[in-house]
Amino acid sequence: MDRPLPEGVRDLLFADTAAFRRMETALQATWSAWGYREIHLPTFEYADTLATDVGSEMDAELYRFFDRQGRTLALRPDMTIPTARVVGTRLYDQPMPLRLAYTGSVFRYEPPRAGRQHEFGQAGVELIGAGGTVADAEVVALAAAALQAVGLPEFGITLGHVGFFRGLLAGLALPERLTARLQEAVARKAEAELVRLLADAPALPPVARQAVLALPRLTGSAAVLRDAEAVCLNATMMNALADLRSMAALLDAYGVSDFVTYDLAEVRDLGYYTGITFEGFAPGLGFGLISGGRYDDLIGHFGPPCPAVGWALTLDRLLLAREMQGIVEPEPRADVLLAAEPPAGAAGYQDGAVGAASGTGGRCQACLGWAAVARGRGLKVEIDPLGLSPEALWQAARARGIPRAAYFAGTDGKATITVRAHCGAVSADWRSIAADDWEEMDRWQNR
Amino acid sequence: MAEPLTVALPKGRLTDDALVFLARAGYAVPTNGDGGRKLVLDGADGRLRYIFVKPSDVPVFVEYGAADVGVAGLDVLRESARDVYEPLQLPFGYCRLVVAALPRGISGSAGGIAGGKGDHPDRPLRLERSPRVATKFPRLTEAFFRKRGIAAELIVMSGSVELAPLVGLADFIVDLVQTGTTLRENGLVELRTILESQAELIANRASYRLKAAEVRELIDALAGAVAVGDKKLRIEDGGNDVRR
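Cut-offs used in this document
- Residues numbered from 1 in each chain as written.
- Chains lettered and ligands numbered in written order.
- Predicted model: local features only at pLDDT ≥ 70, side-chain atom pairs only at ≥ 80, totals over all residues.
- Helix = DSSP H or I, 4+ residues; strand = E, 2+ residues; numbered from the N terminus.
- Rg over C-alpha atoms; globule rule 2.2 N^0.38 Å.
- Buried ≥ 20, exposed ≤ 12 C-beta atoms within 10 Å, placed from the backbone.
- Contact = placed C-beta atoms within 7 Å.
- Pairing = 2+ DSSP bridges.
- Axes fitted to C-alpha atoms, helices over the stretch in contact; angles between N-to-C directions.
- Arc of directions from axis to C-beta.
- Domains from an automatic or database assignment.
- Nonpolar A, V, L, I, M, F, W, Y, C, P; charged D, E, K, R; others polar.
- Core = buried A, V, L, I, M, F, W, Y, C linked by C-beta atoms within 7 Å.
- Parallel < 35°, antiparallel > 145°, perpendicular 65-115°, else oblique.
- Left-handed = near helix turned anticlockwise from the far one by under 90°.

(A) Focus on the overall build of chain A. Summing up its helical and strand segments, chain A has 15 helices and 18 strands in all. In terms of overall dimensions, chain A is more spread out than a globule: its C-alpha atoms have a radius of gyration of 29 Å, far above the 22 Å expected for 447 residues. Judged by the C-alpha coordinates and their principal axes, chain A covers about 105 × 55 × 45 Å. The proportion of buried residues among the 447 residues of chain A is 40%. Taking all contacts inside chain A whose residues are at least 6 apart in sequence as the whole, residues at least 24 apart take part in 70%.

This is the structure:
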């Protein structure tokens, strides 16, 4: 039967789901060690809530639908806005700062790119109720720690500050149209275009001209912070630089400065962020993996104004980035496929014939107690429900990547396990061991 | 030595100029001796790896990071609307994306666009009647007409766009023009310029950061080569910019 999936969604099968779970577990361990507490957010809310000030771009990407009263709902396009709503409406009078974290699916109508479908997995943190570079640096350092914790060997984080470019725009005081063109050119790093733009603004003083032309080069190591001093036109630009210098020292103390570069010409989401911004990249991925920054104006839309800084990463991209660097999640499977020997005089093996499971159900009882103990010790045990013969059981184990097939026989005290193992490329023969030889059984785990 | 940067070059009219400028910028470029069959070629100095792709695919290769940098015409760059950096304009590949039509339907009124269908020369076509427009650039064409409040019916083609008005397939075409000869030979008249295009150096956003030193070196070297070329052209042309 033809049952196509709608555009933009995907199923994750076993290894991918295991990888997702592993990444989420590593992220949760990391942020909880830093004092962040996880919250669970609704998948959909009123569209008005989610569209608050997110700009026309994200507005166009919302999945909208109606409730029974005809009110417009939308699937969450990110987690930051619902988090801001929770803080603004419910947590505003709690002791600050709040350290919040989340993980879950978000939904956007955007062309699938680099592992990101319309639905994709996001995880992130928000540090709320604390302004200043100490909070900023904590969040950036936590981003680096999170990427390390999920086992991504190589990545880089580029740090910027919207104050630098905003200050520059204020200092230039260009006509609105020219300002828009300038921002566009800077966003695309279009160096030649800047030169042409300046030709349209002949009245600009030389220092301002120089500041514009210097922009594309103010990206790289912490040395660019020094270079940038020479082109500061006003206090806004100076303050942005001072913030970044302070961040550089803090990130050094955090031991993550090797991952960090700077970009003073980063102008993405200029209307959304209010201070530092950053974006993380991994080799070969081509797209941003993690992004964040300070957004002191958002929570004020839902309650008392409150400074905030945070980041979100795309789990689907993290998975891709890990694979590109050679980290492959093993296919999850049991350690042993277990069956019970048929009692003497019984009809024998059914080899999966219809009704086999019910017909041989009784035989299994003896081994269930053993399986419970083994599972308690961490062994992953699958029990054969089909009444397979030894050869068929062995083939079934091989076909499913389970390294051992085993038969349980006997009763308490004198029970034995007859096991056949496949290790590396070698298959051993059947051999019997005492069912209480847990030392041996413990070796079956984690090969 | 660091990994070479991968540069995506468009197969076709921009290839030779792109290689000339890369050579002038001091990079070893592949020679033509291979018959153009190989898709991936390493520069002899190990600094660049070249891939040759369909021009309209260059922005895709670069956006995804399959190539760190690339050379693409502004026309395909804007049409693809890919998220890449555009650090440098290169002085070749000049062309215009224009709206053209058969002259028969052009009204005398100032500024009004109208075209003639070859098979209905007498019927005046009003703009609001959803003109049919044949093009290889649907995104730019759609944006151009939409901005003017016209719901154009796009006919997306992959070649011989000029033919469309001649056989009554379309009222207008939106196509690239270098000299205008092809349009004139087919009796078509240019009505509007949508975009002035030239070659651009583009860069992947992640490579721009993660391979910052190599990408910056390439931008600066190419910018140097462009500046030298500019000076030479101006001298040869007695101070006039021959590119126009």
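(B) Structural view of the overall build of chain B. If you tally the helices and strands in chain B, you get eight helices and nine strands. Out of the 244 residues belonging to chain B, those deemed buried represent 41%. Here the contacts in chain B between residues at least 6 apart in sequence split such that 63% fall between residues at least 24 apart.

(C) Main features of the sheet that holds strand E12 (residues 308–314) of chain A. Residues and elements named next belong to chain A. A sheet is described by the order of its strands in space; here nine strands give the open sequence E1-E5-E6-E12-E11-E10-E7-E9-E8, paired in mixed fashion. What marks the edges here is a single partner per strand, and that holds for strand E1 (37–38) and strand E8 (219–220). Pairing analysis gives seven bridges linking strand E6 (residues 119–128) to E12, with the strands arranged antiparallel. What sits directly across from Ala123, in E12, is Leu313. Each of strand E7 (156–161), strand E9 (260–263) and strand E10 (276–281) is contacted by helix H11 (residues 235–254), which is oriented at about 150 degrees to E7, the strand it contacts most. Its contacts with the sheet put helix H12 (residues 315–324) on E6 and E12, and the angle it makes with E12 is roughly 55 degrees.

(D) Representation of helix H14 (residues 390–399) of chain A within the structure. Residues and elements named next belong to chain A. Where H14 is concerned, the buried positions are Leu393, Trp394 and Ala397. Axial view of H14: buried residues confined to an arc of 100 degrees, hence all on one face. Away from its buried face, by an angle of more than 90 degrees, H14 presents the exposed residues Glu391 and Ala399. The elements touched by buried residues of H14 are strand E13 (336–340), strand E15 (404–409) and strand E16 (416–423).

(E) A look at the domain arrangement of chain B. Residue and element names in this part refer to chain B. Split into domains, chain B comes out as domain 1 (5–94 + 197–236) and domain 2 (95–196). Taken together, the eight residues of domain 1 in the interface contact nine residues of domain 2. At the level of secondary structure, the elements contributing two or more residues to the side of domain 1 that touches domain 2 comprise helix H3 (74–80) and strand E5 (85–101). Examining the composition of the side of domain 1 that touches domain 2, we find that four residues originate from one element, H3, more than from any other. In terms of residue class, the side of domain 1 that touches domain 2 is made up of three nonpolar, two polar and three charged.

(F) The arrangement of the domain arrangement of chain A in detail. Taken domain by domain, chain A comprises domain 1 (14–324) and domain 2 (336–442). Averaged C-alpha coordinates put domain 1 of chain A and domain 2 of chain A at centres separated by 54 Å.

(G) Spotlight on the nonpolar core. With 98 residues, the main nonpolar core has Val125, Val139, Val140, Ala143, Leu159, Leu289 and Leu318 of chain A as its most contacted residues. Looking at this core, the element that brings in the most residues is helix H5 (residues 133–149) of chain A, giving ten residues. With sequence-adjacent residues up to four places away left out, Ala143 of chain A is seen in contact with Ile157, Gly280, Ile290, Gly292 and Trp311 of chain A. Counting 38 residues, the second-largest nonpolar core is a separate cluster that includes Leu22, Ala67, Ala199 and Ala225 of chain B.

(H) Representation of the interface of chain A and chain B within the structure. Taken together, the 19 residues of chain A in the interface contact 14 residues of chain B. Elements with a minimum of two residues in the side of chain A that touches chain B: E7, helix H8 (191–199) and E8 of chain A.

(I) Expanded view of unusual backbone geometry. Along the chain, Met96 of chain A connects to Pro97 of chain A via a cis peptide bond; the corresponding omega equals 0 degrees. The topology assignment puts Pro97 of chain A in the loop between helix H4 (80–91) and strand E5 (98–107). Of note, Ala114 of chain A is a non-glycine position whose phi angle comes to about 50 degrees, a positive value. Within the secondary structure layout, Ala114 of chain A lies in the loop between E5 and E6. Residue classification places Ala114 of chain A among the partly exposed residues on the basis of 18 C-beta atoms within 10 Å. Phi angles above zero are rare outside glycine, and Ala81 of chain B is one such case at about 50 degrees. Within the fold, Ala81 of chain B resides in the loop between H3 and E5. Classification of Ala81 of chain B by C-beta neighbours within 10 Å gives partly exposed; the count is 13.

(J) Representation of the sheet that holds strand E2 (residues 40–42) of chain B within the structure. Residue and element names in this part refer to chain B. Taken together, nine strands build an open sheet; the order of strands is E2-E3-E1-E4-E9-E5-E8-E6-E7 and the sheet is mixed. One side of each edge strand has no neighbouring strand; the edge strands of this open sheet are E2 and strand E7 (153–156). With strand direction ignored, the average angle separating the axes of adjacent strands in the sheet is 25 degrees. Bridge count for strand E6 (residues 132–135) against E7 is four bridges, and the pairing is parallel. Bridged to Val133 within E7 is Leu154.

(K) Just the pairing of E13 of chain A, in detail. All names here are of chain A. Burial within E13 is extensive, with five of its five residues counted as buried. Here E13 shows no split at all, with Val336, Leu338 and Ala340 on one side and Leu337 and Ala339 on the other all buried. Pairing of E13 with strand E14 (residues 381–383), which is carried by three bridges, proceeds in the parallel orientation. Note on E14: the bridge partner recorded for Val336 is Val381. As judged from the four bridges shared by E13 and E15, these two strands associate in the parallel manner. Looking at E15, one finds that Ala339 is bridged to Tyr407.

(L) Main features of the packing of H5 of chain A against H11 of chain A. Residues and elements named next belong to chain A. Between H5 and H11, the shortest axis-to-axis distance is 9 Å and the interhelical angle comes to 50 degrees. On the basis of the axis angle, H5 is oblique to H11. Considering how the two elements wind past one another, H5 and H11 form a crossing that is right-handed. Contacts between H5 and H11 involve Thr133, Val134, Asp136, Ala137, Val140 and Ala141 from the former and Asp243, Ser246, Met247, Leu250, Leu251 and Tyr254 from the latter.

(M) Main features of the packing of helix H6 (residues 162–172) of chain A against H11 of chain A. Residues and elements named next belong to chain A. Contact geometry for H6 and H11: axes closest at 7 Å, N-to-C directions at 170 degrees. Classified by the angle between their axes, H6 and H11 sit roughly antiparallel to one another. Residues Gly163, Phe164, Arg166, Gly167, Leu168 and Ala170 of H6 form the contact with H11, whose own contacting residues are Thr236, Met237, Asn239, Ala240 and Leu241. By residue class, the composition of the contact of H6 with H11 is six nonpolar, four polar and one charged.

(N) Examining the environment of Trp444 of chain A more closely. As for its placement among the helices and strands, Trp444 of chain A is situated in the segment after helix H15 (438–442). Sequence separation of Trp444 of chain A and Ala421 of chain A is 23 residues, and the distance between their C-alpha atoms is 9.4 Å.

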